[in-house]
Amino acid sequence: NMGYKGDFHRSLDDVTDFIEMHVEQGPILEKKDVPIGIVDKITGITLLSATIKGQENHAGTTPMKFRSDALLAASKVISSVNSKANELDDKASSSPVGTVGKLSVHPNAFNVIPGRVRFMVDIRDIQSENMNEIKEATLDYIKELEKDSDLKTSAEITTSEPPVPLSNKIIDEMTESAKNINEEFLVMSS
């Protein structure tokens, strides 16, 4: 429907498999100097949306001990996500990742203590247990911020998709094809 199939017409009634050729979006193949990656699993994804509310105040006149800085608190959450993913990466047979790549800081002025921060946490892995451990640790950490502070927090899971194993038949056929042309390959997750 998008016009990418060329000038031929193909009925999908007898299609049994779909293979997507793709350039790797990460650094693994390049770092290992391997030309072919054969994907055996698609990582799961959990997206967590969080808001931390503190108190806006003038940056020049509000003493440090009287501040309720939402951005400072958010930075601690971001650091905890990174630490937990690294901790699990060191002991897991997979490679869990946790990322905060989007922040919305209010009022977003250089001379105002941030009163509200919204951010998204992106958690991925091929093992649901690792994703759940990072998610639960992050939710617990966010809730802990309210204790002994003037901060208010909220968090919700907006997306939760489990990892997906791919067809062993296709993986085996691609492995055989790479061997037949004497090309080095790596079986990996995407």
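Just so it is clear, the model here is predicted, and its values are computed rather than measured.

Criteria and thresholds
- Residues numbered from 1 in each chain as written.
- Predicted model: local features only at pLDDT ≥ 70, side-chain atom pairs only at ≥ 80, totals over all residues.
- Heavy atoms only, no water.
- Helix = DSSP H or I, 4+ residues; strand = E, 2+ residues; numbered from the N terminus.
- Expected span 1.5 Å × (residues − 1).
- Buried < 20%, exposed > 50% of the residue type's maximum accessible area, 1.4 Å probe, protein only.
- Arc of directions from axis to C-beta.
- Contact = heavy atoms within 4.5 Å.
- Core = buried A, V, L, I, M, F, W, Y, C linked by side-chain atoms within 4.5 Å.
- 1 Å grid on protein atoms, 1.4 Å probe; cavity = no way out; pocket = protein on both sides within 12 Å on 5 of 7 lines; lining within 4 Å.
- Points joined across faces, edges and corners; volume = space filled by probe spheres on them.
- Nonpolar A, V, L, I, M, F, W, Y, C, P; charged D, E, K, R; others polar.

Asks: Give a description of helix 3 (residues 128-144) that names residues and reports values.
Replies: Residue pairs three or four apart in sequence face the same way in an α-helix, which turns once every 3.6 residues. A rise of 1.5 Å per residue sets the reference length of helix 3, with its 17 residues, at 24 Å; its end C-alpha atoms lie 24 Å apart and thus fit the reference within 8%. Looking at helix 3, one finds that the buried residues are Asn-130, Met-131, Ile-134, Lys-135, Thr-138 and Ile-142. End-on, the buried residues of helix 3 take up no more than an arc of 135 degrees, which puts them together on one face. On its buried face, helix 3 is in contact with strand 2 (44-53), helix 2 (70-91), strand 4 (97-106), strand 6 (116-125) and strand 7 (152-161).

Asks: Account for the nonpolar core, with residues named and values stated.
Replies: Residues Ile-52, Val-77, Val-117, Phe-119, Val-121 and Leu-145 are the most contacted members of the largest nonpolar core, which totals 20 residues. Considering each element in turn, this core owes the most residues, seven residues, to helix 2. Beyond its immediate sequence surroundings of up to four residues, Val-121 is in contact with Thr-46, Leu-47, Leu-48, Val-81, Thr-99, Val-100 and Thr-138.

Asks: Help me get a handle on the layout of surface pockets, residues and values and all.
Replies: Size it by volume and the largest pocket reaches roughly 1400 Å³. Every residue lining the largest pocket is counted, 37 residues in all, and those nearest its centre are Val-39, Ile-42, Met-188, Ser-189 and Ser-190. Secondary-structure elements contributing two or more residues to the lining of the largest pocket are helix 1 (28-32), strand 1 (36-42), strand 6, helix 4 (168-180) and strand 9 (185-189). Looking at which element gives the most residues to the lining of the largest pocket, the answer is strand 1, with seven residues. One number sums up the size of the second largest pocket: a volume of about 300 Å³. A per-class count over the lining of the second largest pocket returns six nonpolar, two polar and four charged.

Asks: Could you give me a rundown of the side chain of Asn-130, with the residues and numbers involved?
Replies: With respect to the element layout, Asn-130 can be found in helix 3. Since its relative accessible area comes to 6%, Asn-130 is described here as buried. Contact partners of Asn-130, with chain neighbours within four places excluded, come to Leu-88, Ala-92, Ser-94, Pro-96 and Asp-125.

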